[in-house]
Amino acid sequence: MRGLSRHERRWDSDTVAGRTFSGVSSPETEEYVEVTLDFKDDDTIILRRVEPVGALDIESDPRSGFHTPASMSRSPTMRRNASTRILQFSQELKAEAVSKVKQFSQRFSWGHGKAFSSSQNAGASSGFDSALAARAIRRQRAELDRTKSGAQKALRGLRFISKRKGVDGWTQVETNFEKLAKDGFLLRADFGQCIGMKDSKEFALELFDALSRRRRLKTDKISKDELYECWSQISDESFDSRLQIFFDMVDKNEDGRIGEEEVKEIIELSASANKLARLKEQAEEYAALIMEELDPEGLGYIELWQLETLLLQKDTYLNYSQALGYTSQALSRNLAELARPGRIQKWKTNAGYFLEENWKRMWMFVVWIGVMVGLFAWKWIQYKNKAAFQVMGYCLLFAKGGAETLKLNMAIILFPVCRNTITWLRSTRLSKIFPFDDNINFHKSIAAAIVVGIILHAGDHLACDFPRLLNSSPEAYNMYLAADFGSPKPTYSEIMSQLEPLIGVLMVILMAISMTLATSWFRRSQLPKPFNKLTGFNSFWYSHHLFIIVYALLIVHGQYLYLDHVWYQKTTWMYIAIPMTLYAGERFLRFFRSGFYGVRLIKVALYPGKVLTLQMSKPPHFHYKSGQYMFVQCPAVSPFEWHPFSITSSPGDDYLSVHIRQLGDWTNELRRVFEKVCEAPAPASGKSGLLRADESTSKTLPKLFVDGPYGAPAQDYRKYDVLLLAGQGIGATPFISILKDLLNNLFKAEEQKPGHHGRTDQKPLRTTNAYFYWVTREQGSFDWFKGVMNEVAELDDKGVIELHNYLTSVYEEGDARSTLITMVQALNHAKNGIDIVSGTKVRTHFARPKWRQIFSRLRSKHPNATVGVFYCGAAVLATEIKQLCFEFNQKPDSTRFEFHKEHF
């Protein structure tokens, strides 16, 4: 039987020696006792609860915020004639509780900051004794509830050091000590950097102070041996040890209890370590919440065992966000697949993944390269039979073969940027065999082929053809080239001064400028002034329009050829006529449509994280699908530039909205323009302190034009049974519209059921479930879509849409720096239904999602389903998710994952 809790190390001297409980004969022990036992299948018995019948009922106390969760509910208590052993044991427990009341009454003769004296009335003393008795009984029950499994689960929590596999932590700390130590001692200010808490300096300082208090030291520096002792304590695998250290950090006066002000301080410290400014501002409110939960008796302080109870029950409070549970069949199936594949099997799997992922691209590239090889071979054979070959040799063949591929590529490079055409083609059956989502990548590939063609054509002419012509004998020149280049034989400067080579060199210069400024390095780099004008989107946008001049020169260049004199042999215009007509038609369509789609701004808001939200009127004929995007132009910023943004409003809304992240020169200027017209709302309006503007604003809002909509992968979400939507940062925008549209369609589906009046001719929605995972680094990002999150959480009463927020700036769940935040998060959501981090009804997870687990759970919950996986964000995560889609598609079941990534 357990005596005092093992956590009461400070009060070892206060224990009552020689106590025996079996012989107690006080009136209290003569009451009936309720005993709750669990009888297991393996014939073991677990004692779940022992308490006097007449004791204060903690569960039914209206002041108590401590709710016994459903997952820990006891079996119904049945009174029966117990054996002598059980009765004796229950009497011992009751006597221990009474003894603790007396012990604590002697040790702590005050309550909530006011001393009790003999002159106080008996009623106050009786109330205090009752509170102590109630807490003692609750403590006894908490100790009985702490099962081995619960303690084992808690081992994942309160980690001060995140150990990495294969890394010796102390070796690294020792190395850091040698670098940071002065005269053989490590200063308190460098403690955090030394143990790996460089980004949590304040937290590390409090940890240093707590460890010093435990050793009764008052110093601002420690030796290497003392550092090792500290390291041994904070890296201890014992949960009880870590819990005691954490408690000591809060309990600065070392009295074995912590009050509301101390709880507030540790909340502020944790919020600061995790860069949660708003949580820090509300620390007082959340400290009161913890005290209300852990101190229902109103004694004004909490002890170590209460903190432990809250930590062990954290997962129970978070049940509101638990989802995608395993079935035993699915778990068995997953365990059966843990065998590692052999090298050959792994190679076959990787090859299969590559083919499945790239077959559309592969056949297109094969056809494209095959056509180029065919054209090159055709010109090679054709010019090998010409007289000029006798002088210019194979240089001429390479030059003319390269020229023919150049004509082809200068023609087809326009197709991938005909966005209206591609948007229309996406809705046809051609989308099953053509990778329309890769149009920009194909555009870049063709540009690379054009560079190769320029090198072959222009390089051979300038460095090989013409020098061979000049070095030829007069007899050979007059026999083979005089008819084409004239007589007498020209010099190199005379050849280069003619129209065809001049135009060719000018085209090469213009294309070199355009392609160089279009590279990612120039678009993302920041050069010093005045060279900064060469970088960013502006340089890309304007330099790319040099191709208008290039195409005009290309037509002229194709009409002045040295070796071809018949009109039908001058084929340049034949290659580019249709593509140029199509592209010109697209530009004219955009020009006239954008003028027709002048919109009226309804609302503007500037959010944290440098995000601008624009809500505008919806043009009468602007029809779009969720997941599509449109171009936006603001004449106040630039009268020529158009930029693409995902539409975040739903097709059913009577307005258009976009969320614009400040990332480049154009978006920076756009935000500056709108900052001038936005203003903070009046205090009495009840709105947040964000800068806003609307139609009632006295200042005139800038003019906007929109063009679109244009197709995107996410618009095909209706083709799938289940959706997995993953967005990073501002990459969540294409999926916000899908969530709203899906919710609207669910309501329509309910209205169309038998018994409801309304239209029933609409195609039923195939999608049954959607899972949205949003990963961001800034707490303020959750403000961007707070309204949508709350709307989905409130209206989706059937749980069709599941939302998950992930904040990567917070240390992962289980880290001591985020443990208290997790506790407060769980309590506040259980009580108020609001997540303290996002400010919505959606729980925020810490660190990064475990995508393999997510895929495994989706597969277990939705067998035989086709899952559409849509991603928008950094390319690194796209590779990981794409690989998981293929990997899970190889498993022996019929759940299929189809990956799509947004491209702009």
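Residues numbered from 1 in each chain as written. Predicted model: local features only at pLDDT ≥ 70, side-chain atom pairs only at ≥ 80, totals over all residues. Heavy atoms only, no water.

Right, let's talk about the overall build of the protein chain for a bit. Counting its secondary structure elements, the protein chain contains 33 helices and 20 strands. Within the protein chain, the proportion of its 904 residues that are buried is 50%. (Helix = DSSP H or I, 4+ residues; strand = E, 2+ residues; numbered from the N terminus. Buried < 20%, exposed > 50% of the residue type's maximum accessible area, 1.4 Å probe, protein only.)

What follows concerns the packing of helix α6 (residues 201-214) against helix α7 (residues 224-234). Contact pair α6 / α7: the axes reach a minimum separation of 11 Å and the direction vectors enclose 105°. One way to sum up the angle between α6 and α7 is to call them roughly perpendicular. Across from Leu207, Leu211 and Arg214 in α6, the residues of α7 making contact are Cys230, Gln233 and Ile234. (Axes fitted to C-alpha atoms, helices over the stretch in contact; angles between N-to-C directions. Parallel < 35°, antiparallel > 145°, perpendicular 65-115°, else oblique. Contact = heavy atoms within 4.5 Å.)

Further remarks concern the sheet that holds strand β18 (residues 844-846). The 6 strands are arranged β18-β17-β16-β15-β19-β20 in an open sheet whose pairing can be described as parallel. A single partner strand is all that each edge strand has here, and the edge strands are β18 and β20 (896-901). Each neighbouring strand pair of the sheet contributes to a mean axis angle of 20°, computed without reference to strand direction. Inspection of the sheet shows strand β15 (residues 722-728) paired to strand β16 (residues 769-776) by 7 bridges, in the parallel sense. From the neighbouring strand, Gln728 faces β16, where its bridge partner is Val775. (Pairing = 2+ DSSP bridges.)

Where helix α9 (residues 260-273) meets helix α31 (residues 816-832), the closest approach of the two axes is 8 Å, and the angle between their N-to-C directions is 115°. Comparing their axes, α31 and α9 come out roughly perpendicular. Judged by the sense of rotation from one axis to the other, the crossing of α9 with α31 is left-handed. Each of Val263, Ile266, Ile267, Ser270, Ala271 and Ala273 in α9 lies in contact with α31, whose residues at this interface are Arg817, Leu820, Ile821 and Val824. (Left-handed = near helix turned anticlockwise from the far one by under 90°.)

Let's shift gears to the nonpolar core. Residues Phe160, Phe191, Leu207, Leu227, Ile267 and Phe772 are the most contacted members of the largest nonpolar core, which totals 94 residues. With residues near it in sequence (within four places) discarded, Leu207 still touches Phe160, Phe191, Ile195, Met197, Ile234, Ile245 and Met249. (Core = buried A, V, L, I, M, F, W, Y, C linked by side-chain atoms within 4.5 Å.)

Our next topic: the sheet that holds strand β11 (residues 643-646). Two strands in a sheet stick together by hydrogen bonds in their backbones, pointing the same way (parallel) or opposite ways (antiparallel). The sheet built from 4 strands is open, its strands ordered β7-β14-β10-β11 with antiparallel pairing. Since the sheet does not close on itself, it has two edges, and those belong to β7 (598-599) and β11, each with one partner. One ladder, built from 4 bridges, connects strand β10 (residues 629-633) with β11; its direction is antiparallel. Residue Phe631 lies in a different strand from β11, and its bridge partner there is Pro644.

One pass over the structure, following the stated rule, counts 1 disulfide. For Cys395, the disulfide goes to Cys464, at an S-S distance of 1.5 Å. Of this pair, Cys395 sits in helix α17 (residues 394-412) while Cys464 sits in helix α19 (residues 439-470), placing them 69 residues apart in sequence. (Disulfide = S-S within 2.5 Å.)

Inspection of the secondary structure assignment puts Leu499 in helix α23 (residues 499-517). Linking Leu499 and Tyr560, residues 61 residues apart in sequence, is a C-alpha distance of 7.5 Å. Each residue touching Leu499, except ones within four places of it in the same chain, is listed here: Val556 and Tyr560.

Here we come to a nonpolar patch on the surface. Among the surface-exposed residues, Trp359, Trp363, Val367, Val371, Leu430 and Ile433 lie close enough to one another that they form a single nonpolar patch of about 490 Å² accessible area. Mapped onto the fold, Ile433 is located in the loop between α18 (419-426) and α19. The exposure class of Ile433 is partly exposed, given its relative accessible area of 35%. (Patch = residues over 30% accessible without salt bridge, like charges linked within 9 Å, V, L, I, M, F, W, Y side chains within 5 Å. Areas by Shrake-Rupley, 256 points an atom, 1.4 Å probe, with all protein chains shown as cover. Salt bridge = Lys/Arg side-chain N within 4 Å of Asp/Glu carboxyl O.)

On to the pattern of salt bridges. Evaluated as defined, the whole model comprises 21 salt bridges. Lys252 serves as the salt-bridge partner of Glu265, at 3.3 Å between the closest nitrogen and oxygen. Here Lys252 lies in the loop between α8 (239-250) and α9 and Glu265 lies in helix α9, a separation of 13 residues in the sequence. Take Lys252: its relative accessible area is 36%, and that puts it in the partly exposed class. Measuring nitrogen to oxygen at the nearest pair gives 2.7 Å for the salt bridge that ties Lys831 to Glu292.

With that settled, consider the pairing of β16. Among the 8 residues in β16, 8 count as buried, and that is most of the element. The alternating pattern of β16 places Asn769, Tyr771, Tyr773 and Val775 on one face and Ala770, Phe772, Trp774 and Thr776 on the opposite face, and all of these are buried. Across 7 bridges, β16 lies against strand β17 (residues 801-807) in parallel orientation. The partner of Tyr771 across the bridge, within β17, is Glu802. As a crossover connection, the stretch from β16 through helix α30 (residues 786-795) into β17 is right-handed. (Right-handed = clockwise from strand over helix to strand, strands pointing away.)

With the rule as written, the count across this model stands at 29 aromatic pairs. When the centroid spacing of 5.6 Å and the interplanar angle of 35° are considered together, the rings of Trp380 and Tyr394 count as tilted. With a gap of 14 residues between them, Trp380 in helix α15 (residues 343-384) and Tyr394 in helix α17 connect regions that are remote in the sequence. Under the relative-accessibility criterion, Tyr394 is labelled partly exposed at 44%. Through a chain of ring-to-ring contacts, three or more aromatic side chains come together here, namely Phe376, Trp380, Phe389, Tyr394 and Phe398. Taking the ring centre of Phe705 as reference, the NZ or CZ of Lys703 above it sits at 5.8 Å. Above the face of the Tyr811 ring, Arg817 is positioned so that its terminal group lies 3.7 Å from the ring centre. (Phe/Tyr/Trp six-rings, centres within 6.5 Å; stacked < 30°, edge-to-face > 60°. Lys NZ or Arg CZ within 6 Å of the ring centre and 35° of its normal.)

As a further point, take the environment of Ala816. Within the fold, Ala816 resides in helix α31. Residue Ala816 is classed as buried on the basis of its relative accessible area of 0%. Separated by 546 residues in sequence, Ala816 and Ser270 place their C-alpha atoms 8.6 Å apart. Once you skip the residues sitting within four places of it in the chain, Ala816 turns out to touch Leu158, Arg159, Phe160, Phe203 and Phe246.

Read these as layout, nothing more, since geometry by itself doesn't imply function.
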